[in-house]
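Structural description and commentary
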Amino acid sequence: MTRALFRLELAMLLRARFTWIIGALLFAALAWGAINGQANADGQQATVERVKMHAAAKVLKQQADVARYSRPADTVLPYWQDPSDAAGYMRYGLSAYAVKPPSPLAGIAIGQSRLLPFYIKTDLDYVAPPAAAFDFINPRILSLGDFDLSFVLVYVLPLALIAIGASLLAAERDSGALRLMAAQLPSFRQLVMLKFGVAAIVCVPFTLVATVLALLVAGTPCWSMQTAGTVLLLGAALAGLTLFWVALTALLASRIGVVGSYLRLVSVWIGFTFFVPAAGALIIDTAYPAPSPLLYLDDLRRANDFTPANRDALFAAFARAEPAYAAAAERVDKVSYATKQIAVQQAVERQIEERASAAAHQNEAAAGRAAALRWLSPAMVFDTLLQQAAGSGVERHKRFLKRTGEYTDELRAFFWPRALAEAANPANACQGCAARLNFTDHDKIPRFQADRPLDGVAASIGGAVGYLWVLACAVMLMLWSGRRFRL
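Residues numbered from 1 in each chain as written. Predicted model: local features only at pLDDT ≥ 70, side-chain atom pairs only at ≥ 80, totals over all residues. Heavy atoms only, no water.

Turning our eyes to something else, we now look at empty space enclosed by the protein. Evaluation of the coordinates by the stated rule reveals three cavities of 30 Å³ or more. Approximately 80 Å³ is the volume found for the largest cavity. In terms of lining residues, the largest cavity is bounded by 16 residues, among which Q44, P102, A106, S113 and S392 are the most central. The biggest single contributor to the lining of the largest cavity is helix α2 (residues 17-69), with four residues. Here the residues of the lining of the largest cavity are counted per class, giving seven nonpolar, seven polar and two charged. (1 Å grid on protein atoms, 1.4 Å probe; cavity = no way out; pocket = protein on both sides within 12 Å on 5 of 7 lines; lining within 4 Å. Points joined across faces, edges and corners; volume = space filled by probe spheres on them. Helix = DSSP H or I, 4+ residues; strand = E, 2+ residues; numbered from the N terminus. Nonpolar A, V, L, I, M, F, W, Y, C, P; charged D, E, K, R; others polar.)

Next up on the list: the packing of aromatic side chains. Inspection of the entire model under this criterion finds 21 aromatic pairs. With a centroid separation of 5.4 Å and an interplanar angle of 80 degrees, the aromatic rings of Y79 and W80 are classed as edge-to-face. On the numbers, 6.4 Å between centres and 40 degrees between planes, the contact of F315 with F318 is tilted. Linking F315 with F318, this pair stays in helix α12 (residues 308-320), spanning three residues, or about one helical turn. The class of F318 is partly exposed, set by a relative accessible area of 24%. (Phe/Tyr/Trp six-rings, centres within 6.5 Å; stacked < 30°, edge-to-face > 60°. Buried < 20%, exposed > 50% of the residue type's maximum accessible area, 1.4 Å probe, protein only.)

Attention shifts here to the pairing of strand β2 (residues 119-122). Here β2 shows one buried face, formed by I120 and T122, and one open face, formed by Y119 and K121. Note that strand β1 (residues 96-99) and β2 share four bridges and pair antiparallel. Residue pairing in the sheet places V99 in a bridge with Y119 of β2. (Pairing = 2+ DSSP bridges.)

Attention now goes to helix α11 (residues 293-303). Taken residue by residue, α11 has Y296, D299, L300 and A303 as its buried positions. Buried residues along α11 cover an arc of 100 degrees about the axis, so they all sit on one side. In α11, the exposed positions that point more than 90 degrees away from the buried face belong to L294 and R301. Against the buried residues of α11 lie α14 (337-373). (Arc of directions from axis to C-beta. Contact = heavy atoms within 4.5 Å.)

Once that is clear, we can look at the confidence of the model for the protein. Mean pLDDT over the protein: 86, with 91% of residues reaching 70 or higher. At the level of individual helices and strands, the protein shows its lowest average pLDDT in helix α4 (residues 139-143), which scores 54, and its highest in helix α15 (residues 378-390), which scores 94. Within the model, the stretch residues 129-136 combines pLDDT values under 50 with five contacts to residues more than four positions away or in other chains. (pLDDT = per-residue confidence, 0-100.)

With that settled, the discussion passes to the nonpolar core. Soluble globular proteins tend to bury their nonpolar side chains together. Within the largest apolar cluster, 73 residues are counted, with the highest numbers of intra-cluster contacts made by I108, F382, L385 and L386. Broken down by secondary-structure element, the contributors of at least two residues to this core are α2, α5 (149-165), α8 (188-218), α9 (228-253), α10 (258-287), α15 and α17 (457-481). Looking at which element gives the most residues to this core, the answer is α9, with 16 residues. Excluding its chain neighbours within four sequence positions, the residues that come into contact with L386 are I108, A109, S150, L153, V154 and L234. Counting residues in each nonpolar core, the second largest holds 42 residues, with L94, A328, W416 and L420 among its members. (Core = buried A, V, L, I, M, F, W, Y, C linked by side-chain atoms within 4.5 Å.)

Let's shift gears to the packing of α14 against helix α16 (residues 394-424). Put simply, α14 and α16 touch, their axes get as near as 13 Å, and they point 165 degrees apart. One element, α14, and the other, α16, form an angle in the roughly antiparallel class. The interaxial crossing formed by α14 with α16 has left-handed handedness. Between α14 and α16, the residues in contact are T339, I342, Q345, Q346, E349, E364 and A367 and K398, R412, W416, A419, L420 and A423, respectively. (Axes fitted to C-alpha atoms, helices over the stretch in contact; angles between N-to-C directions. Parallel < 35°, antiparallel > 145°, perpendicular 65-115°, else oblique. Left-handed = near helix turned anticlockwise from the far one by under 90°.)

Two cysteines whose sulfur atoms are joined by a covalent bond form what is called a disulfide. Applying the stated criterion to the full structure yields one disulfide. C430 shares a disulfide with C433; S-S distance 1.7 Å. For the pair C430 and C433, a shared accessibility class is recorded, and that class is buried. Not part of a disulfide, C473 finds its nearest cysteine sulfur in C203, a span of 17 Å. (Disulfide = S-S within 2.5 Å.)

Side chains of V209, L213, L216 and W223 sit close together on the surface and give an oily, nonpolar patch of about 410 Å² of accessible area. In this structure, V209 sits in helix α8. (Patch = residues over 30% accessible without salt bridge, like charges linked within 9 Å, V, L, I, M, F, W, Y side chains within 5 Å. Areas by Shrake-Rupley, 256 points an atom, 1.4 Å probe, with all protein chains shown as cover. Salt bridge = Lys/Arg side-chain N within 4 Å of Asp/Glu carboxyl O.)

This next bit is on the packing of helix α1 (residues 2-15) against α8. Taken N-terminus to C-terminus, the directions of α1 and α8 make an angle of 50 degrees; their axes are 9 Å apart at the nearest point. For the element pair α1 / α8, the angle class is oblique. Handedness of the α1/α8 crossing: right-handed. Along its contact with α1, which presents T2, L5, F6, E9, L10, L13 and L14, the element α8 presents L194, K195, V198, A199, I201 and V202. Taken together, the residues that form the contact of α1 with α8 break down as ten nonpolar, one polar and two charged.

Tracing the sequence through the fold places P291 in the loop between α10 and α11. Measuring from C-alpha to C-alpha, the distance between P291 and R355 comes to 9.2 Å, with 64 residues separating the pair along the chain. Ignoring anything within four residues of it in the chain, the contact list for P291 reads A359 and N363.

Our next topic: the side chain of S95. Looking at where S95 falls in the secondary structure, it is placed in the loop between α3 (86-93) and β1. Contact partners of S95, with chain neighbours within four places excluded, come to H54, A55, K58 and K121.

Written out as structure tokens, the structure is:
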């Protein structure tokens, strides 16, 4: 009897026009979101390629200029236009970029990638993570969020599952057939489990297949050896989330009427999706008020407010502290502005270090509390999981900024000794040439090594996948152990 009822329920659900309409709309939304996300990822990849080509072309031109200026000439280039002068090149000619290329799965979630810079033109005055240099998209549009695959899965999918599941018992309850059906089984609980078990068997595979098809339509390279592990974990997470909402729908719809079920389920969805994140953000803002960027910029401005006399004195003291460069202190009036800025830059960073460290510490504390509060909402957990898998989340951006700072240090270690050596022992390697030819190691300039976006992703999202499944199992257990079913 149970098997016959199962087949009957499965056939009814699959024949229902409402099920197909909801499924078609959901698939259309998934495909649209996936196409939007992949278009954004393709645009970022094209920009990254243009940046690399620009940097390479500029170095080639500078090397050609070095060859052109290495011949005797009547004119002498000023140092800031000389590509063969270490001090001038490091400040005015250097074209080095730190880039964060999109992940192969970037089309899944745009996340923060349109709000944060994904390439930074590095220079040796880089002292702190800069804000985005500019926004070429209307901020009001950005504030509304992006319509991508993650938006559909986090916000639209639960509503689709509620729409399908909340009315499963309504027709039988309204016609009085529910009591007859329940009488044919050992308990009403088994009837509920059977009906919503059928819903789960239909909805979970449909959600997975529709999502994969949407990614294929968008052209997202989700099937490769590189992405297979992450994609399988994403599938497990999506299955857990779908099962959670089906079980939650069964838990509420089996106790009250269809109207009440819809109202309560939508209220729960609003709570998980909007209220909990908003309340969490309010708590974080109250407990850890964001450091004022204006105070930081004001400190930075005052720290940079050097007069020429102060700059000379600072550089002279800096050069005397290092015997190899002490000779530069004796001829400080002849030392270039670019070289003096080495001492200035170090002094500026010492002055703002305390405020920058305090801000970083407070941001880390707030981020830690926010990560803990995120576990209160399955929507937030799933959204964060998608952004981590897509490489568009905040954590990867923090690592990118940290590596950008390390790259700046690497560039400084390359250029600063060369510039200081020139200042201490000025010489022209090519007498009578337009250029000085003291620096011709353009091929040895350190290059930024971009990260591998999928490295470590599986380990970082494994806990969230387990959380979603534990949540789904907990709701199913509550459903099975419940006693207040209403016929």
